[in-house]
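# Coordinates in review
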Amino acid sequence: MTTREPKISPIVPSYGESTLADLAASLLASLAPDTGGNVLGLPPVPRACLLIVDGLGWELLRAHQAAAPFLSELAFNSTPLTCGFPATTVTSLSSLGTGVPPGQHGMLGYQVGIPGENRLLNGLRWPDDVDPAAWQPGPTVYERAAGAGIDAVHVAEPRLRDTGLSRAAVRAPGFRGARSPGALAAEAVSALHDSERIMVTAYHDQLDGTGHQYGTASDAWAFQLSHVDRIAEHIAGSLPPESMLYITADHGMVDVAEEDKVDFDTIPELSDGVRLLAGEARARHVYAEPGAAADVLARWQEVLGDRAWVVSRDEAVSGGWFGSVDPAMAGRIGDVVAAATGNTAVVATEAEPLESKLIGMHGSLTAAEQLVPFLSFASP
């Protein structure tokens with residue numbers, strides 16, 4: 001069986017050097033040097049705030065400078081980070097929350113197979129019978145900060161306080177709910193002023209939702225970015241002395257046209273031998289029936305050709321896609337892993353009707369999805 005190889009190479013995240021996990025570890029070390037791991041060389045300060053903008057890819061920011069003048073000025077002399085694989089919220093927020101790569105924290109995608117069970121775990125709609133702290137047992141940077149005598153506060157929508165993802169990846173001793181962009185900025189600033197030694201993370205999720213629904217080429221996305229720009233500017237202008245503001249994102253995004261969607265549910269060559277389809281449209285975990293993994297791999301490579309990097313689990317691990325993989329987490333990775341190139345997406349219109357209709361998507365190893373801003377602003 002002949003396969004077509006992609007004409008470009010994937011952007012494998014630079015774990016241990018400049019990923020979101022490295023940012024989290026470096027942020028903690030800038031406040032508590034004894035924790036080590038400051039590979040980004042962040043300056044020591046008593047107060048720091050990290051603004052996390054869901055869906056703000058580096059390439060998108062560079063393409064929309066007029067909508068975000070404050071962020072674009074900060075970006076002028078900055079260098080992006082790679083977010084990690086998959087380039088998706090569940091994985092990236094876990095990397096930011098733990099300071100370790102995906103292969104260590106085990107939050108390996110929007111949906112993953114539960115080892116030993118014929119079902120999926122959805123990281124955004126957590127099942128009641130799976131303990132988040134057992135699924136991701138490692139300490140979070142918030143817990144480590146508290147242990148070092150640093151106040152640790154997470155600011156986000158109130159609905160996100162006790163989700164399974166929050167209980168797995170955040171576990172912040174302090175949580176402040178914010179129902180609007182203005183409240184997000186105000187709560188972050190208030191927390192910084194309330195403590196002499198503190199780490200604050202502020203999470204804004206509305207840009208991502210706008211991109212999913214309307215696409216990143218839409219006026220709606222650009223207008224929403226302008227609100228993000230004001231949030232960042234408000235926080236920067238209200239920092240207490242000896243403080244740093246950092247700004248990043250959990251992933252970028254690409255717009256996928258209907259003609260670029262490959263429907264798993266209507267192509268027998270993709271579904272034959274597949275026990276579970278997980279991940280999301282731009283980054284698929286494919287779990288094969290017993291003994292069928294090699295055939296599934298060959299068929300997916302043949303059907304998708306240069307529209308995706310399609311590899312076995314062992315190849316994805318040895319290729320460093322997930323960073324160093326804890327053996328206890330390896331079974332969560334699909335027998336086959338498919339990362340889309342270009343603007344392709346492998347949808348599942350029957351099993352995932354809502355997700356399949358999205359315009360903006362993410363997850364893969366392209367620059368548009370992997371590269372995220374790493375911006376900084378120091379208080380006067």
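Quick summary incoming for the structure in this document. (Residues numbered from 1 in each chain as written. Predicted model: local features only at pLDDT ≥ 70, side-chain atom pairs only at ≥ 80, totals over all residues. Heavy atoms only, no water.)

## Focus on the layout of surface pockets
Where we set the bar: A 1.4 Å probe that fits into a set of points on a 1 Å grid over the protein atoms alone but cannot get out defines a cavity; an open set with protein on both sides within 12 Å along at least five of seven lines defines a pocket, and lining residues are those with an atom within 4 Å of a point. Grid points are joined across faces, edges and corners, and a volume is the space filled by probe spheres set on the points. Helix numbers and strand numbers start at the N terminus; a helix is a DSSP run of H or I with at least 4 residues, a strand a run of E with at least 2. Note on residue categories: nonpolar means Ala, Val, Leu, Ile, Met, Phe, Trp, Tyr, Cys or Pro, charged means Asp, Glu, Lys or Arg, and polar means any other residue, Gly included.
There is about 860 Å³ of room inside the largest pocket. Forming the boundary of the largest pocket are 39 residues, of which Asp54, Thr89, Tyr110, Leu124 and Asp208 lie nearest the centre. For the lining of the largest pocket, the secondary structure elements donating two or more residues are α4 (89-98), β5 (151-156), α8 (164-169), α10 (206-214) and α15 (353-356). The element best represented in the lining of the largest pocket is α4, accounting for 5 residues. Here the residues of the lining of the largest pocket are counted per class, giving 18 nonpolar, 12 polar and 9 charged.

## Describing the side chain of Asp229
In plain terms, the rule: Here's how the labels work: a residue is buried when its accessible area is under 20% of the maximum for its type, exposed when over 50%, partly exposed in between, all with a 1.4 Å probe on protein chains only. Just so you know, the count uses Lys and Arg for positive and Asp and Glu for negative, and it drops His and the chain ends. Any Lys or Arg side-chain nitrogen found within 4 Å of a carboxyl oxygen on Asp or Glu counts as a salt bridge. Here a residue-residue contact requires only that any non-hydrogen atoms of the pair lie within 4.5 Å.
Examined against the element boundaries, Asp229 turns out to sit in helix α11 (residues 219-237). Although buried, Asp229 forms no salt bridge, and the nearest oppositely charged side chain, Arg230, lies 6.4 Å from it. If we ignore the near neighbours within four places in the chain, the residues touching Asp229 are Ala67, Ala68, Pro69, Phe70 and Leu71.

## Section: the sheet that holds strand β6 (residues 174-177)
Here is the rule we go by: Only strands that DSSP links by at least two bridges are regarded as paired with each other. In this analysis an axis means a line fitted to C-alpha atoms, helices contributing only their contacting stretch, and an angle means the value between N-to-C directions, from 0 to 180 degrees.
Pairing is mixed in the open sheet, where 6 strands are placed in the order β6-β5-β7-β1-β8-β18. What marks the edges here is a single partner per strand, and that holds for β6 and β18 (374-378). Put simply, the sheet's adjacent strands are angled 15° from each other on average, direction ignored. Bridging between β5 and β6 involves 4 bridges; their strand directions are parallel. Across the sheet, the residue bridging to Val153 is Gly174, located in β6. Each of β1 (47-53), β5, β6 and β7 (198-204) is contacted by helix α9 (residues 181-193), which is oriented at about 175° to β7, the strand it contacts most.

## Topic: the environment of Pro373
Its location among the elements puts Pro373 in the loop between β17 (371-372) and β18. Accessibility expressed as a relative area gives 1% for Pro373, which makes it buried. Spatially, the C-alpha atom of Pro373 lies 29 Å from that of Trp135, the residues being 238 residues apart in sequence. Sequence-distant contacts of Pro373, that is, excluding residues within four places in its chain, are made with Leu56, Gly57, Trp58, Leu61, Ile247, Thr248 and Ala249.

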